[in-house]
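Summary of structural features
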Amino acid sequence: MGKYYQEEFETMPLEEIRKLQSEKLVEQVKHVYNNVEYYRNLMDAKGVKPEDIKGIEDLHKLPFLSKADLREAYPKGLLAVPQDEVVRIQSTSGTTGKRVIAYYTQDDIDIWEDCCARAIVAVGGSEKDVCQVCYGYGLFTGGPGLNGGSHRVGCMTLPMSSGNTERQIQFMMDLEASIICCTPSYAAYIGETLKEMGYKPEDIPLKAGIFGAEPWTEEMRHSIEETMGIKAYDIYGLTEISGPGVSFECEEQTGMHINEDHFLAETIDPETGEVLPEGSEGELVFTCLDKKAFPMLRYRTRDLCVLSREKCSCGRTFVKMKKPQGRSDDMLIIRGVNVFPSQIETVLLKEGYTPNYQIVLDRENNTDTFDVYVEYTPEEGDDVVKNITAREKKLQERMKTMLGINPKVHLAEPKSITRSEGKAVRVIDRRKLH
Ligand code: ADP
Ligand code: ZN
């Protein structure tokens with residue numbers, strides 16, 4: 001295996017990418033218009049016909065699809081092929097509401113697995129590697145996607161699924177796993193367990209990790225890299241568009257290359273829907289160029305990020321997206337101030353704490369209460385108990401500087417915050433219950 005999995009596409013000159021995208025888009029719009037009544041109605045309502053779409057320059061004429069449309073069309077309203085051609089479904093984790101069901105033809109699965117294979121090769125993976133997949137298997141796309149990618153690359157694949165951390169570690173050690181794939185929060189938990197079991201980074205056979213499915217910070221990356229002695233790479237995706245591998249990080253680690261031969265990306269102003277120029281932060285919108293069973297056109301992800309076409313040293317020409325800080329609906333509004341959980345993670349790791357934290361919001365006398373629970377480590381035990389108030393106050397001040405509002409920080413005993421084996425639950429918002 002060379003440096004790329006599909007060099008012809010991954011390093012395609014921009015002009016050719018645009019041409020390929022235009023050709024695919026024209027066909028895809030016809031396919032959707034002819035086969036999906038729901039989207040045909042949206043196009044008709046906007047007065048757009050398939051003939052109006054002659055290339056990617058006409059993309060802005062198409063209507064958006066949102067999660068609300070997916071809910072309305074549930075379960076089969078957006079299926080674009082006869083059901084006989086569907087070989088699999090997957091479903092979202094339902095982090096923010098009702099699950100979405102996505103359908104795949106065999107070709108759709110092939111495209112998706114190729115994208116995951118590109119991500120594995122980009123971290124140095126080849127048939128010589130042992131790839132441990134500890135994303136959940138089943139309806140969640142993480143396990144099946146990277147499992148398929150790992151097969152394609154020819155790695156010896158360990159289909160571990162998530163959970164049973166001691167068994168994960170046993171297989172990792174006994175079979176000398178070299179690449180691990182899971183959520184960053186589960187990676188942190190595996191790292192913590194390895195440390196407790198007395199393993200030093202140099203005892204751990206892993207060389208790289210492919211972590212995604214949830215937002216994570218640079219500080220978290222460094223902490224995982226240090227504990228496990230690996231290089232940690234980001235991977236992004238969503239069920240609606242296929243699953244993990246919509247974009248992936250290369251060795252330069254300055255953003256994730258979007259697999260543009262399959263997925264066309266735009267950023268828009270989330271308020272007005274206006275398309276933004278490259279380089280400004282906006283809501284990411286994807287159009288599937290060749291997936292047939294569940295082809296989203298202009299799907300609004302609610303993920304906020306920046307696109308960049310700066311030349312990358314890895315030789316790939318695909319546009320890069322900056323790490324999404326979170327979704328527009330992950331953003332908390334506390335006493336009128338916008339807060340992302342990732343900002344709290346940054347402060348904690350900078351101050352030498354672990355990434356085990358939980359935010360609890362409630363409402364008292366019409367005012368939001370904002371509590372952050374943070375674990376100290378067992379080694380710090382005595383010092384924390386003696387200086388607990390001073391330490392809490394210091395963290396509180398650091399967070400106030402970062403966020404602009406004051407949380408109440410509580411240092412909690414080691415292991416008191418539930419560990420995540422999939423996507424971490426960082427926020428308990430009781431305000432919504434009132
Ligand atoms: P759900 O919407 O139920 O969580 P998915 O499992 O399909 O369903 O999750 C997709 C979402 O996960 C993305 O829209 C994005 O918000 C988040 N996500 C995936 N990968 C990353 C990543 N590398 N960084 C930040 N967020 C990510
Ligand atoms: Zn690159």
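Just so we're clear, the structure is a prediction, and the values are computed from it rather than from any experiment. (Residues numbered from 1 in each chain as written. Chains lettered and ligands numbered in written order. Predicted model: local features only at pLDDT ≥ 70, side-chain atom pairs only at ≥ 80, totals over all residues. Heavy atoms only, no water.)

This paragraph deals with helix H2 (residues 14–35). In an α-helix there are 3.6 residues to a turn, and that puts residues three or four apart on one side. Helix length check: H2, at 22 residues, gives a terminal C-alpha distance of 31 Å against a target of 32 Å (1.5 Å per residue), a fit within 8%. On its buried face, H2 sits against helix H1 (7–10), helix H3 (37–46), strand E10 (263–268) and strand E11 (282–288). (Helix = DSSP H or I, 4+ residues; strand = E, 2+ residues; numbered from the N terminus. Expected span 1.5 Å × (residues − 1). Contact = heavy atoms within 4.5 Å.)

With 7 of 7 residues buried, strand E12 (residues 299–305) is to be regarded as a mostly interior element. What you see with E12 is no split at all: Tyr299, Thr301, Asp303 and Cys305 on one side and Arg300, Arg302 and Leu304 on the other are buried throughout. (Buried < 20%, exposed > 50% of the residue type's maximum accessible area, 1.4 Å probe, protein only.)

Another point: the pattern of salt bridges. According to the stated counting rule, one finds 33 salt bridges in the structure shown. The residue Glu218 makes a salt bridge to Arg221 at a minimum N-O spacing of 3.0 Å. With a gap of 3 residues between them, Glu218 and Arg221 both fall in helix H9 (residues 218–228), about one helical turn apart. When salt bridges that share partners are traced, they join Glu10, Arg118, Asp261 and Arg316 into one network. (Salt bridge = Lys/Arg side-chain N within 4 Å of Asp/Glu carboxyl O.)

Time to look at helix H10 (residues 341–350). Burial within H10 is extensive, with 9 of its 10 residues counted as buried. Three or more residues of H10 are buried, namely Pro341, Ser342, Gln343, Ile344, Glu345, Thr346, Val347, Leu348 and Leu349. Among the residues trailing H10, Gly352 stands out with phi positive, at a value near 85°.

What follows deals with the packing of H10 against helix H11 (residues 381–403). H11 packs onto H10 with a crossing angle of 135° between their chain directions and a minimal axis gap of 10 Å. As far as their axial angle goes, H11 and H10 are oblique. As H10 runs across H11, the sense of the crossing is right-handed. Contact with H10, carried on its side by Gln343, Ile344, Thr346, Val347 and Leu348, involves Leu395, Arg398, Met399, Met402 and Leu403 of H11 and no other residues of that element. Class assignment of the residues belonging to the contact of H10 with H11 gives a composition of 7 nonpolar, 2 polar and 1 charged. (Axes fitted to C-alpha atoms, helices over the stretch in contact; angles between N-to-C directions. Parallel < 35°, antiparallel > 145°, perpendicular 65-115°, else oblique. Left-handed = near helix turned anticlockwise from the far one by under 90°. Nonpolar A, V, L, I, M, F, W, Y, C, P; charged D, E, K, R; others polar.)

Inspection of the secondary structure puts Arg419 in the loop between strand E19 (408–412) and strand E20 (427–429). Classification of Arg419 as buried rests on a relative accessible area of 16%. Only 2.8 Å separates the side chain of Arg419 from the side chain of Glu192, close enough to count as a polar contact. There is a polar contact of 2.8 Å between the side chain of Arg419 and the side chain of Glu375. (Polar contact = N/O pair within 3.5 Å; in protein donor to acceptor, adjacent residues only side chain to side chain.)

For the rest of this paragraph, the subject is the nonpolar core. Ranked by internal contacts, the top residues of the largest apolar core, which has 72 residues, are Ile241, Phe286 and Met296. Tallying contributions element by element places helix H5 (residues 106–122) first for this core, with 10 residues. Contacts of Met296, omitting those with residues within four sequence positions, involve Leu65, Leu70, Leu78, Glu240, Ile241, Phe286, Thr287 and Cys288. In this structure, Met160, Tyr186, Ala187 and Ile224 belong to the second largest nonpolar core, which totals 25 residues. (Core = buried A, V, L, I, M, F, W, Y, C linked by side-chain atoms within 4.5 Å.)

Right, let's get into the sheet that holds strand E7 (residues 231–238). Ordered by their spatial adjacency, 9 strands build an open sheet running E4-E3-E5-E6-E7-E8-E9-E14-E13, and the pairing between neighbours is mixed. Where the open sheet ends on each side, the last strands, each with one partner, are strand E4 (156–159) and strand E13 (307–308). Of the strands in this sheet, strand E5 (179–182) and strand E6 (208–212) touch helix H8 (residues 184–196), which is tilted by about 125° from E5. (Pairing = 2+ DSSP bridges.)

Let us look at the environment of Asp368. Structurally, Asp368 can be placed in strand E18 (residues 367–375). Expressed as a C-alpha distance, the spacing of Asp368 and Arg430, which sit 62 residues apart in the sequence, is 10.0 Å. Contacts of Asp368, omitting those with residues within four sequence positions, involve Ile333, Ile334, Arg335, Asp362, Arg363 and Arg431. Polar side-chain contacts of Asp368 include one of 2.8 Å to the backbone nitrogen of Arg335. Within the structure, Asp368 has its side chain in polar contact with the side chain of Arg431 (distance 3.0 Å).

Of the protein atoms, only Cys250 (SG), His257 (NE2), Cys312 (SG) and Cys314 (SG) coordinate the zinc ion (ligand 2), at distances of 2.1 to 2.3 Å. Coordination geometry of the zinc ion (ligand 2): the 4 donor atoms subtend angles of 104 to 114° at the metal centre, consistent with an arrangement described as tetrahedral. Here the donor residues of the zinc ion (ligand 2) share one chain and are spaced in sequence as C-x6-H-x54-C-x1-C. Exposure class is identical for Cys312 and Cys314. Each is buried. (Donors = N, O, S within 2.8 Å, 3.2 Å for Na, K, Ca; no water. Tetrahedral: all angles 85-135°; square planar, octahedral: opposite > 155°, others 65-115°.)

Now for the domain arrangement of the chain. Annotation of the chain at the domain level lists domain 1 (7–17 + 72–329) and domain 2 (334–429). Just the C-alpha atoms count here: the centres of domain 1 and domain 2 sit 28 Å apart. Counting residues at the interface gives 25 residues for domain 1, matched by 17 residues for domain 2. Taken together, the two surfaces of domain 1 and domain 2 that pack against each other cover about 1,700 Å², and 54% of this comes from carbon and sulfur. Linking domain 1 with domain 2 are 3 salt bridges, by the criterion used here. One salt bridge connects Glu219 with Lys350, and the closest N-O pair in it is separated by 3.9 Å. Counting every contact that joins domain 1 to domain 2 gives 9 residue pairs in polar contact (both at pLDDT 80 or more). Elements with a contribution of two residues or more to the side of domain 1 that touches domain 2: H8 and H9. In terms of residue count, the dominant contributor to the side of domain 1 that touches domain 2 is H8 (6 residues). Grouping the constituent residues of the side of domain 1 that touches domain 2 by class yields 8 nonpolar, 12 polar and 5 charged. (Domains from an automatic or database assignment. Buried area = accessible area lost by both parts, 1.4 Å probe.)

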